[in-house]
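Structural description and commentary
The primary structure of each chain is shown beneath.
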Amino acid sequence: MGAAEEDKPTTTPPPPPPLTHAQFLSWKRQKDADASARRAEAERKREEDIRAGIVQMNGRELFLNEPGVFDNDLY
């Protein structure tokens with residue numbers, strides 16, 4: 001068991017080529033665009049679910065959409 005493993009030559013894979021500044025910026029822009037698209041889609045879906053009554057609004061959404069609920073002059 002141990003002898004067979006010792007006979008194998010241990011080779012490490014070559015290091016990846018260096019990343020240029022332009023390649024990094026391109027990757028970063030793409031990553032940010034993907035994240036922004038995912039966020040926008042999630043926000044759109046949440047708004048649809050709230051309108052359909054599937055999901056309740058959280059406190060911030062309730063305050064922004066129905067500020068009269070928080071009017072303390074009524075009490």
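Each remark here, short or long, concerns the structure printed above.
Summary of the structure given here.

Cut-offs and rules
- Residues numbered from 1 in each chain as written.
- Predicted model: local features only at pLDDT ≥ 70, side-chain atom pairs only at ≥ 80, totals over all residues.
- Heavy atoms only, no water.
- 1 Å grid on protein atoms, 1.4 Å probe; cavity = no way out; pocket = protein on both sides within 12 Å on 5 of 7 lines; lining within 4 Å.
- Points joined across faces, edges and corners; volume = space filled by probe spheres on them.
- Helix = DSSP H or I, 4+ residues; strand = E, 2+ residues; numbered from the N terminus.
- Nonpolar A, V, L, I, M, F, W, Y, C, P; charged D, E, K, R; others polar.
- Phe/Tyr/Trp six-rings, centres within 6.5 Å; stacked < 30°, edge-to-face > 60°.
- Buried < 20%, exposed > 50% of the residue type's maximum accessible area, 1.4 Å probe, protein only.
- Patch = residues over 30% accessible without salt bridge, like charges linked within 9 Å, V, L, I, M, F, W, Y side chains within 5 Å.
- Areas by Shrake-Rupley, 256 points an atom, 1.4 Å probe, with all protein chains shown as cover.
- Salt bridge = Lys/Arg side-chain N within 4 Å of Asp/Glu carboxyl O.

Quick look at the layout of surface pockets
Computed from the structure, the largest pocket encloses a volume of approximately 180 Å³. What lines the largest pocket is simply Glu 43, Arg 46, Glu 47, Ile 50, Arg 51, Met 57, Glu 61 and Asn 65. Mapped onto the lining of the largest pocket, the elements with two or more residues apiece are α2 (21-52) and α3 (59-65). By residue number, the principal contributor to the lining of the largest pocket is α2, which donates five residues. Classifying every residue of the lining of the largest pocket gives two nonpolar, one polar and five charged.

Remarks on the packing of aromatic side chains
One pass over the structure, following the stated rule, counts two aromatic pairs. Ring geometry for Phe 63 against Phe 70: centres 5.5 Å apart, planes inclined by 65°, an arrangement best described as edge-to-face. With a relative accessible area of 38%, Phe 70 lands in the partly exposed category.

Structural notes on a nonpolar patch on the surface
Taken together, the side chains of Leu 19, Phe 24, Leu 25 and Trp 27 define a hydrophobic patch exposed on the protein surface, amounting to about 400 Å² of accessible area. Judged by relative accessible area, Leu 19 falls into the exposed class, the value being 61%.

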